[in-house]
Amino acid sequence: MTNNYSALSIHTYIDELNQQAEAEFRDKQYEHALQITQQAERLSVEHKHLEGKGLALRIRGKILYTLVRYDEAHEYFHQAVGIFQEIGDPLQIARSLQGLATTYYATGRLLHSLEENLNAFSVMELGGLEKHSLDIVGNIVLCYHSLGEFYYAIEYAHKQLALARKYNSTNYSARALSSLGELYFRIADYTTSLNYSNEGLALVVDKKNIIAESGFLSNIGSVYYLLGNYTNALDSMMKSIAVAELYPDKSILSPLLNTVCCIYGKMQNDSLALDYAMRALAIDIEFADPKGEAYTLHNIASVFEQNGDITTAIEYAKKSYGLFVNSSIKEGEAETLILLATCNTKLGDYITAINNAKDALEIAETIQAHTMLQSSLQQLLSLSNLIGDSSAAEHYSRRLTLTTKIIAKEEQRKNAEKILREAQIKRTQEQAQLLISSTKTKLTGDFLDKTQTLKQQGFVLATIANTKTVKKSKVSHSIIVRTFGLFSVTIDGRELTSDDWQRKKARDIFKILLINHRKSVTVDELIGHLWPDAYSKNLIPTLWNSVSYIRKALEPNIKPHTPSAFIKITGKSYMLDLGKDVSIDFLEFKELLNSSRHEKHEETKYMLIEKAISLYNGEFLKDDVLEEWSDFQRESLKELYLEATLDIGNYYLNQGKLSKAIQFARKTIEADKVYENGYELLFTALADNQQLSELTKAWKLCQSAYKKELDTTPPEYLAKLILLA
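Quick caveat: nothing in here was measured; it's all calculated off a predicted structure.

Undergrad: Help me out: how do you make sense of the overall build of the protein chain in this one?
TA: For the protein chain, the count of helices and strands is 32 helices and seven strands. Going through the 725 residues of the protein chain one by one, you find that 50% of them count as buried.

Undergrad: Where do I start with the packing of aromatic side chains in this structure?
TA: Counted by the stated rule, this structure contains 24 aromatic pairs. Taken together, a centroid distance of 5.4 Å and an interplanar angle of 45 degrees make the contact between Tyr65 and Tyr70 tilted. Residue classification places Tyr65 among the partly exposed residues on the basis of a relative accessible area of 30%. Where Tyr295 meets Phe324, the ring centres are 5.0 Å apart and the plane angle is 80 degrees; that geometry is what we call edge-to-face. With Tyr295 in helix 15 (residues 290–307) and Phe324 in helix 16 (residues 310–327), this pair connects stretches of sequence that are 29 residues apart. According to the relative accessible area criterion, Tyr295 is partly exposed, its value standing at 31%. What links up through ring pairs into an aromatic cluster is the set Phe484, Phe586, Phe589, Tyr616, Phe620 and Tyr641. Positioned above the aromatic ring of Tyr156, the side-chain terminus of Lys159 is 5.6 Å from the ring centre. Against the face of Phe487 rests Lys511, its NZ or CZ located 4.7 Å from the ring centre.

Undergrad: What exactly am I supposed to notice about the side chain of Ser133 here?
TA: With respect to the helices and strands, Ser133 occurs in the loop between helix 6 (110–126) and helix 7 (134–146). Residue Ser133 is classed as buried on the basis of its relative accessible area of 0%. In contact with Ser133, not counting residues within four places along its chain, are Phe121, Met124 and Leu163.

Undergrad: Quick question: what am I supposed to make of the pairing of strand 1 (residues 479–482) here?
TA: Side-chain direction in a regular strand flips from residue to residue, so the side chains alternate between the two faces of the sheet. Of the two faces of strand 1, the one holding Ile479 and Val481 is buried and the one holding Ile480 and Arg482 is not buried anywhere. Pairing of strand 1 with strand 2 (residues 488–491), which is carried by four bridges, proceeds in the antiparallel orientation. Counterpart to Arg482 in the pairing with strand 2 is Ser488. Connecting the antiparallel pair strand 1 and strand 2 is a turn made up of five residues, with Gly485 showing a positive phi of about 85 degrees. Sheet topology places strand 1 next to strand 7 (residues 582–584); three bridges connect them, and they run parallel. Paired with Val481 across the strands is Ile584, a residue of strand 7.

Undergrad: How do you make sense of the pattern of salt bridges when you look at a structure like this?
TA: Side-chain pairs of opposite charge can arise where the charged atoms are in close proximity. For the structure on display, the rule yields 24 salt bridges. Between Arg398 and Glu639 there is a salt bridge whose closest N-O contact spans 4.0 Å. Taken together, the positions of Arg398 in helix 20 (residues 390–436) and Glu639 in helix 28 (residues 631–655) put the pair 241 residues apart, joining distant regions of the chain. Residue class for Arg398 comes out partly exposed when judged on its relative accessible area of 23%.

Undergrad: Whenever I open this one, helix 31 (residues 692–710) confuses me. Can you help?
TA: Along its 19 residues, helix 31 runs 26 Å from first to last C-alpha, staying within 8% of the 27 Å computed at 1.5 Å per residue. Of all the positions in helix 31, only Leu695, Ala698, Trp699, Cys702, Ala705 and Tyr706 are classed as buried. Looking down the long axis of helix 31, one finds its buried residues gathered within 130 degrees of arc, a one-sided arrangement. In helix 31, the exposed residues that point more than 90 degrees away from the buried face are Ser693, Lys700, Leu701, Lys707 and Lys708. Looking at the buried side of helix 31, the elements it contacts are helix 30 (676–688) and helix 32 (716–724). Taken from the residues just after helix 31, Asp711 is the one with a positive phi, measuring 55 degrees.

Undergrad: Quick question: what am I supposed to make of the sheet that holds strand 3 (residues 494–495) here?
TA: Within a sheet, adjacent strands bond to each other through the backbone by hydrogen bonds, running parallel or antiparallel. Here four strands make up an open sheet; going across it, the order is 3-2-1-7 and the pairing mixed. Of all strands in the sheet, those bounded by a partner on one side alone are strand 3 and strand 7. Against the sheet, helix 26 (residues 585–598) touches strand 1 and strand 7, its axis set at about 80 degrees to strand 7.

Undergrad: I would appreciate a short explanation of the confidence of the model for the protein chain in the present structure.
TA: The predicted structure's coordinates, where accompanied by low pLDDT, should not be read in detail. Averaged over all residues, the pLDDT of the protein chain is 83; the fraction at 70 or higher stands at 85%. Ranking the helices and strands of the protein chain by mean pLDDT puts strand 1 first, with 96, and helix 21 (residues 444–456) last, with 41. Low pLDDT (under 50) marks residues 413–474, which in the prediction has 98 contacts with non-local residues, meaning those over four places away or in another chain.

Undergrad: Sorry if this is basic, but what is going on with the sheet that holds strand 6 (residues 573–576) here?
TA: Reading across from one edge, 4-6-5 is the order of the three strands in this open sheet, with antiparallel pairing throughout. Pairing within the sheet leaves two strands with one partner each, and these edge strands are strand 4 (521–522) and strand 5 (567–570). As paired elements, strand 4 and strand 6 share two bridges and run antiparallel to each other. Bridged to Thr522 within strand 6 is Ser573.

Undergrad: Can you help me understand helix 7 in this one?
TA: Spacing of three or four residues puts side chains on the same side of an α-helix, whose turn is 3.6 residues. The first and last C-alpha atoms of helix 7 sit 19 Å apart over 13 residues, in line with the 18 Å expected at 1.5 Å per residue. Most of helix 7 is tucked away: 11 of the 13 residues are buried. Buried within helix 7 are the following residues: Leu134, Asp135, Ile136, Val137, Gly138, Ile140, Val141, Cys143, Tyr144, His145 and Ser146. Just beyond helix 7, the residue with positive phi is Gly148, at close to 80 degrees.

Undergrad: I would appreciate a short explanation of unusual backbone geometry in the present structure.
TA: It is generally the case that most residues other than glycine have a negative phi and that most peptide bonds are trans. Backbone geometry places Lys28, a non-glycine residue, at a positive phi of 65 degrees. Within the element layout of this structure, Lys28 appears in the loop between helix 1 (7–26) and helix 2 (30–46). Take Lys28: its relative accessible area is 57%, and that puts it in the exposed class. The backbone phi angle of Asp492 is positive, close to 50 degrees, even though this residue is not glycine.

Undergrad: Could you clarify how one ought to interpret the side chain of Asn344 in this entry?
TA: Along the chain, the position of Asn344 falls in helix 17 (residues 330–346). Its relative accessible area of 8% is what places Asn344 among the buried residues. Dropping the residues within four chain positions of it, Asn344 is found in contact with Ile314, Asp349, Tyr350, Thr352, Ala353 and Asn356.

Undergrad: Please clarify how the packing of helix 2 against helix 3 (residues 50–66) should be interpreted in this entry.
TA: Axes are the key here: two packed helices are described by the angle between their axes and the distance separating the axes. Packing of helix 2 against helix 3 leaves a shortest axis separation of 8 Å and a crossing angle of 160 degrees. Taken together, the axis directions place helix 2 and helix 3 in an arrangement best described as roughly antiparallel. Between helix 2 and helix 3 lies a crossing whose hand is left-handed. Residue-level contacts link Tyr30, Ala33, Leu34, Thr37, Gln38, Ala40, Glu41, Ser44 and Val45 of helix 2 to Gly52, Lys53, Ala56, Leu57, Ile59, Arg60, Ile63, Leu64 and Thr66 of helix 3.

Undergrad: I keep staring at the packing of helix 23 (residues 504–515) against helix 24 (residues 523–530) and nothing clicks. Help me out?
TA: Where helix 23 meets helix 24, the closest approach of the two axes is 11 Å, and the angle between their N-to-C directions is 125 degrees. On the basis of the axis angle, helix 23 is oblique to helix 24. Crossing geometry of helix 23 relative to helix 24 is assigned as right-handed. Contacts between helix 23 and helix 24 pair Lys505, Asp508, Ile509 and Ile512 from the former with Leu526, His529 and Leu530 from the latter.

How each quantity is defined
- All residue numbers here refer to positions counted from 1 along the written sequence of the relevant chain.
- Restriction of local features to residues with pLDDT of at least 70 applies here, the model being predicted, together with a cutoff of 80 or more for giving and counting side-chain atom pairs; totals for whole chains, interfaces and linings are based on all residues.
- In computing side-chain values, all of the structure's heavy atoms are included and hydrogens and water are not.
- Helical segments are the DSSP runs of H or I of at least four residues, strand segments are the runs of E of at least two, and each set is numbered from the N terminus.
- Accessibility here uses a 1.4 Å probe with only protein chains present; expressed as a share of the type maximum, an area under 20% marks a residue as buried, one over 50% as exposed, and anything in between as partly exposed.
- Pairing of aromatic rings covers Phe, Tyr and Trp, the last counted by its six-membered ring, and requires centre-to-centre distances within 6.5 Å; plane angles under 30 degrees mean stacked, over 60 mean edge-to-face, and any other angle means tilted.
- Charge over a ring is defined by NZ of Lys or CZ of Arg lying within 6 Å of the ring centre and within 35 degrees of the ring normal.
- Should any heavy atoms of two residues lie within 4.5 Å, those residues are counted as being in contact.
- For two strands to count as paired, DSSP must find a minimum of two bridges between them.
- In the sections that follow, a salt bridge refers to a side-chain nitrogen of Lys or Arg positioned within 4 Å of a carboxyl oxygen of Asp or Glu.
- Any helix carries an expected span of 1.5 Å times its number of residues minus one.
- Arc definition: directions from the helix axis to the C-beta atoms.
- Lines fitted to the C-alpha atoms define the axes, with helices restricted to the stretch that makes contact. Angles between their N-to-C directions range from 0 to 180 degrees.
- Along the chain, pLDDT gives the predictor's confidence residue by residue, from 0 to 100.
- Here is the rule for angles: anything less than 35 degrees is roughly parallel, anything more than 145 is roughly antiparallel, 65 through 115 is roughly perpendicular, and the remaining ranges are oblique.
- The hand of a helix crossing depends on one turn: near helix anticlockwise from the far one by less than a right angle means left-handed, and clockwise means right-handed.

Dropping the structure here:
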């Protein structure tokens with residue numbers, strides 16, 4: 001058959017096959033559509049029609065995704081990305097990346113999904129295809145929303161709304177307004193939330209858009225719910241459900257049913273609350289939605305906890321926690337751990353409750369969620385008081401006070417800089433657009449030229465590798481990073497000098513990326529940290545230039561246009577990943593302390609704590625104490641260090657190893673001159689060891705420190721310890 005066709009006509013026939021497969025897919029004739037894509041792929045390989053093969057693979061990925069065969073779908077989307085990158089077709093690259101993102105999202109890998117969506121959007125911008133990027137921008141909003149990054153979600157929702165209005169898309173305008181209504185609700189700006197929701201509702205009712213109408217009614221119901229107006233909240237949610245039930249895809253009902261569950265819970269109607277949650281759970285299971293199932297199970301656990309069935313509540317909460325862990329939803333993990341702590345407290349299992357709260361605290365510290373940190377500390381303070389541990393209660397009270405101050409300081413700074421920050425973001429985005437979108441064309445050559453220009457600046461499309469099909473030989477480097485005391489980076493035995501870094505800004509950017517090791521940091525965040533008052537300047541070239549210095553410092557022999565082994569670019573974000581053979585002292589410090597908390601063997605536990613303490617050779621990044629971007633990490637690490645030294649000091653005191661107890665007590669006081677728990681340990685150990693002259697010296701130093709630091713005298717109970725000695 002094929003001998004009767006020219007190459008052009010064969011290519012046309014293959015394209016028609018792919019169009020037919022798309023049509024069969026839309027008509028839900030999935031098996032037939034799969035067969036057509038297989039035929040299109042076979043002919044494309046036989047007649048060297050690379051574009052036809054790529055499109056067949058992408059369509060097959062869509063079909064398999066719909067059939068909930070996510071691993072297979074991921075494989076075909078990944079192959080399609082490679083083919084379209086080789087061709088240089090920006091639209092198809094972006095669509096294939098979008099396919100990868102959907103498989104990641106469906107399987108709960110939200111960070112990977114976000115990265116691929118950001119990559120897809122960047123490709124659209126580079127290719128001058130912003131008109132076709134509306135759905136991708138919506139996916140970015142969804143990812144940020146799911147990850148709890150509400151301000152970034154709002155930024156992209158506004159971007160989606162602006163694009164939708166520019167291209168007269170009522171459908172995407174409605175989606176953007178729905179997102180904005182829900183997101184402003186999430187940050188407690190209820191007036192703005194209602195404004196966007198009502199604007200969107202008027203739009204979709206006129207256009208008879210079922211999904212959007214249901215979404216807006218849900219947003220309005222959520223606002224009423226949080227304001228405590230449960231009657232109106234229930235009315236809006238029931239209307240939302242009634243509209244949603246008209247839509248064929250019943251998966252959209254789960255979050256609505258969950259909200260009704262929460263409303264009935266607040267109304268003390270546990271029976272109806274549980275009924276709606278169970279209906280939501282059935283939908284989550286039917287549509288294989290692990291993220292939705294995690295939230296539903298959490299709600300079910302909350303109902304049982306409220307109803308007094310604590311054992312059942314714990315059972316559901318543990319299932320919820322496991323799904324949150326698998327889906328990388330850290331905020332959900334922490335919330336469920338706090339729920340577990342509440343349940344275990346009611347059972348009188350205070351040790352387990354404390355461990356739950358400590359795990360929640362650790363997550364809150366990791367994601368720097370200060371409000372969650374505050375909640376965890378409040379629970380730990382309450383538990384410490386319940387078990388009569390005054391030392392722990394004092395410790396958590398101190399940390400709670402510090403965290404509250406940090407939150408207040410952040411809020412004050414955000415309010416003061418709001419107008420400047422918004423102006424900065426707008427200006428930066430305008431400059432970025434000018435730099436990366438100087439022309440708008442679909443020509444392959446121009447697209448590749450633009451991509452190459454960005455590669456020269458250090459930007460590389462960071463598609464997540466498919467480990468099943470791609471093998472890379474990678475040179476391993478031994479890297480040691482020291483942040484406690486003097487900052488240093490040593491690579492393969494060579495310590496980097498100021499000449500290697502060339503610019504202080506480059507070193508500062510590296511430190512910010514290091515604090516967020518293996519996490520994405522946006523361009524706007526970096527600019528906000530390093531140039532907080534320069535909102536009117538074009539800062540993108542300066543930032544890119546600084547990153548190029550970091551690349552050269554870390555990899556002196558790196559060739560032009562070569563991706564960095566350590567700095568990855570995803571969308572408009574940077575991520576530092578120093579590889580497997582890296583030693584970063586502050587991360588090792590945290591890991592050792594975390595391991596000690598879970599260690600049941602007492603001797604091993606304190607061996608781990610002592611090893612962690614040995615890493616703390618001074619304040620974290622002490623040369624950057626005036627930089628706000630380092631404050632939170634520094635104070636958090638210091639508090640962990642004080643807690644660890646006091647813990648091990650008291651351990652040795654109870655063991656009768658007084659010299660060791662004295663050693664660690666002095667370490668606490670060296671780190672905090674007015675740390676009263678440290679003085680209490682020191683005075684007790686010195687008195688027990690009959691070192692009265694040293695005790696007298698220590699008391700004088702204590703008095704001097706309190707006078708100098710706080711202009712007051714030490715607490716009275718410390719003075720009594722001296723008198724009793």
